[in-house]
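# Examination of the molecular architecture
Now for the letters of each chain:
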Amino acid sequence: TGIPFYNGFLYKLGDGLLNTTWNLRYFLLIGQSLQYYRSQHEAKPRDVVNLCGANVEWVKDQSRPFSFVVYKAGQRTICLSGSTEKDAIGWVE
């Protein structure tokens, strides 16, 4: 079956003190590595998250119904959202 690969756009919740808005980001999932970029034309990812040992859970958010979090001990939690339920389910699976 090869290495799992998935790519596309997700909304990422800003995790700074001042940045708490949802921003559209381009994501690449290659095996256990989740990378994200400000746009798909960027050469270097903004961040790379090793998903080995990470948990993914759905979040009940009234303003963004297709939200989920990726969390792992020792790393900051990333809150993501698909534009549609189908988008979000594709990533979570």
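## Some remarks on the confidence of the model for the chain
- Looking at the chain as a whole, the pLDDT averages 89, with 97% of positions reaching at least 70.
- Across the chain, the secondary-structure element scoring lowest on mean pLDDT is helix H1 (residues 85–92), at 91, and the one scoring highest is strand S3 (residues 33–37), at 95.

## Details of a nonpolar patch on the surface
- A surface patch of nonpolar side chains, about 310 Å² in accessible area, is lined by Ile3, Phe5 and Ile30.
- By secondary structure assignment, the location of Phe5 is in strand S1 (residues 5–13).

## Concerning the nonpolar core
- Core analysis: the largest hydrophobic core is formed by 12 residues, namely Leu10, Phe27, Leu29, Leu34, Tyr36, Val49, Phe68, Val70, Ile78, Leu80, Ala88 and Trp91.
- Of all the secondary-structure elements, those providing two or more residues to this core are strand S2 (22–30), S3, strand S6 (67–71), strand S7 (78–81) and H1.
- Residue contacts for Tyr36: discarding those within four places in its chain leaves Lys12, Arg25, Tyr26, Phe27, Pro45, Arg46, Asp47 and Arg76.

## Considerations on H1
- Along H1, the positions that sit buried rather than exposed are Ala88, Gly90 and Trp91. Each buried residue of H1 sits inside an arc of 160 degrees when the element is viewed along its axis, so together they form one side.
- Considering only its buried residues, H1 is in contact with S1, S2, S3, strand S5 (55–59) and S6.

## Some remarks on the packing of aromatic side chains
- Overall, the coordinates contain six aromatic pairs when judged by the stated rule.
- For the ring pair Tyr26 and Tyr37, a centre distance of 6.3 Å and an interplane angle of 50 degrees mean the geometry is tilted. With a gap of 11 residues between them, Tyr26 in strand S2 and Tyr37 in strand S3 connect regions that are remote in the sequence. Take Tyr26 and Tyr37: they sit in the same class, and that class is buried.
- Summarising the aromatic geometry, the rings of Phe27 and Trp91 are spaced 6.2 Å apart at their centres and angled 70 degrees between planes, so their arrangement reads as edge-to-face. Here the residue Phe27 occupies a position in strand S2, and Trp91 occupies one in helix H1, the gap between them amounting to 64 residues.
- A residue is classified by how much of its surface remains accessible, and Trp91, at 12% relative accessible area, is buried.
- One aromatic cluster in this structure is built from Tyr6, Phe27, Tyr36 and Trp91.
- Lying over the aromatic face of Tyr11, Arg64 brings its terminal NZ or CZ to 4.2 Å of the ring centre.
- Geometry around Trp22 places Arg64 over its ring, the cationic atom sitting 5.2 Å from the centre.

So, how was this worked out
- Residues numbered from 1 in each chain as written.
- Predicted model: local features only at pLDDT ≥ 70, side-chain atom pairs only at ≥ 80, totals over all residues.
- Heavy atoms only, no water.
- pLDDT = per-residue confidence, 0-100.
- Helix = DSSP H or I, 4+ residues; strand = E, 2+ residues; numbered from the N terminus.
- Patch = residues over 30% accessible without salt bridge, like charges linked within 9 Å, V, L, I, M, F, W, Y side chains within 5 Å.
- Areas by Shrake-Rupley, 256 points an atom, 1.4 Å probe, with all protein chains shown as cover.
- Salt bridge = Lys/Arg side-chain N within 4 Å of Asp/Glu carboxyl O.
- Core = buried A, V, L, I, M, F, W, Y, C linked by side-chain atoms within 4.5 Å.
- Buried < 20%, exposed > 50% of the residue type's maximum accessible area, 1.4 Å probe, protein only.
- Contact = heavy atoms within 4.5 Å.
- Arc of directions from axis to C-beta.
- Phe/Tyr/Trp six-rings, centres within 6.5 Å; stacked < 30°, edge-to-face > 60°.
- Lys NZ or Arg CZ within 6 Å of the ring centre and 35° of its normal.

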